[in-house]
Amino acid sequence: MPVIGFINAASAQNYTRQLAAFLKGLGEVGYDERRNVLIEYRWADGQNDRLPAMLADLVHRQVAVIAATSTPAAVAAKAVATNIPIVFETGGDPIRLGLVSSLSRPDGNVTGVTQASVEVSPKRLELLHELLPAVRVMALLIDPTDSSTAKTTVSEVMAAAQSFGLQLHVLNASNERDFDGVFAKLMQLGAGGLVIAGGPFFVSHREQLAALTVRHAVPVVFQHREFAAAGGLLSYGSDITESYRLTGIYTGRVLKGDKPAELPVQQATKVELFINLKTANALGLSVPNTLIGRADEVIE
């Protein structure tokens, strides 16, 4: 049976929905893990420095295709696996990341799916500003070890803050021990709102982050529904399960013989907004009807 190398920068227990969507996509083109394809799983558990060795092992095992999901895994795969077809899933710009030279005509052995989460980061700040028009000081939380997207996210959100006349502080967290310090710093800076950047580290800790935002009474916007469902104020971002489903489809197509260079990079364009009204009420915030009307779901 053909063997797929599936690699991700996060941990398996926090990506169950995404993995299920990937397997669904594989199934749509005729591949079933229990019947006619094997999958070698590699999870870096948030330690990006482990990715090159994991990829080298997959190359040594001569897998038929590598599904490099998450931006750090995609960038590492591009550098290591030069002779094996790669299907990536990323929240960044594949051209800016150096994964492909063109979305419509990828070259070499790489193609994939982008959910464009970096591009919607400024929109998250805009939503928070719309909800908190009197707040002039905001903060952005990034993972500095996710170097492939952190710099771009800071640049784009900083530009958005300047256009709104906001003062924006950039805070860093790359492990759980940093979180308490981040929220203490927010209080010290007098920041009235926080935007959490995308990336596998924060996705893996979205429920913990939501609990901290409630405990410290900080209005926060992140990217996935689970964050709002766990008590976070706002979630805004691409439908990540659709992105993984499309990645599964492309992985199956490569197994069937399609060449990555002939498969245009797909863009998962659906963006969702979730609002937790219970949290808004607890924070003493009145959510405008214009914002509620744009929400895909209001959690009460």
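What you see is a predicted model, and the numbers here were worked out from it, not measured in a lab. (Residues numbered from 1 in each chain as written. Predicted model: local features only at pLDDT ≥ 70, side-chain atom pairs only at ≥ 80, totals over all residues. Heavy atoms only, no water.)

*Asks:* Let's hear about the pattern of salt bridges: which residues, and what values?
*Replies:* Any two side chains of opposite charge can pair, given that their charged atoms come close. Enumeration according to the criterion identifies 16 salt bridges in this entry. Residue Glu40 is joined to Arg61 by a salt bridge in which the shortest nitrogen-to-oxygen separation is 3.8 Å. Of this pair, Glu40 sits in strand β2 (residues 38-43) while Arg61 sits in the loop between α2 (51-60) and β3 (65-69), and the two are 21 residues apart along the sequence. Glu156 is the partner of Arg96 in a salt bridge, and the nearest nitrogen-oxygen pair spans 3.3 Å. Of the two residues, Arg96 sits in the loop between β4 (86-90) and β5 (110-114) while Glu156 sits in helix α5 (residues 147-163), which places them 60 residues apart along the sequence. Assessed through its relative accessible area of 22%, Glu156 is described here as partly exposed. Salt bridges here are not isolated pairs; linked through shared partners, they connect Glu40, Arg42, Asp57 and Arg61. (Salt bridge = Lys/Arg side-chain N within 4 Å of Asp/Glu carboxyl O. Helix = DSSP H or I, 4+ residues; strand = E, 2+ residues; numbered from the N terminus. Buried < 20%, exposed > 50% of the residue type's maximum accessible area, 1.4 Å probe, protein only.)

*Asks:* Account for the sheet that holds β5, with residues named and values stated.
*Replies:* The strand order across the open sheet formed by six strands is β2-β1-β3-β4-β5-β11, and the pairing between neighbours is parallel. Every other strand in the sheet has two partners, leaving β2 and β11 (266-267) as the edge strands with one partner each. As paired strands, β4 and β5 are joined by five bridges and run parallel to one another. Opposite Val87, over in β5, you have Thr111 as the bridge partner. Each of β1 (3-8), β3, β4 and β5 touches helix α3 (residues 71-80); the most contacted strand, β4, lies at about 150° to it. Docked against the sheet, helix α10 (residues 240-255) engages β1, β3, β4, β5 and β11, running at close to 175° with respect to β4. (Pairing = 2+ DSSP bridges. Contact = heavy atoms within 4.5 Å. Axes fitted to C-alpha atoms, helices over the stretch in contact; angles between N-to-C directions.)

*Asks:* Mind laying out the side chain of Asn276, listing which residues take part and the relevant values?
*Replies:* Along the chain, Asn276 falls in strand β12 (residues 271-276). There is a polar contact of 2.7 Å between the side chain of Asn276 and the backbone oxygen of Ala228. One polar contact links the side chain of Asn276 to the main-chain amide nitrogen of Thr279, over a distance of 2.9 Å. (Polar contact = N/O pair within 3.5 Å; in protein donor to acceptor, adjacent residues only side chain to side chain.)

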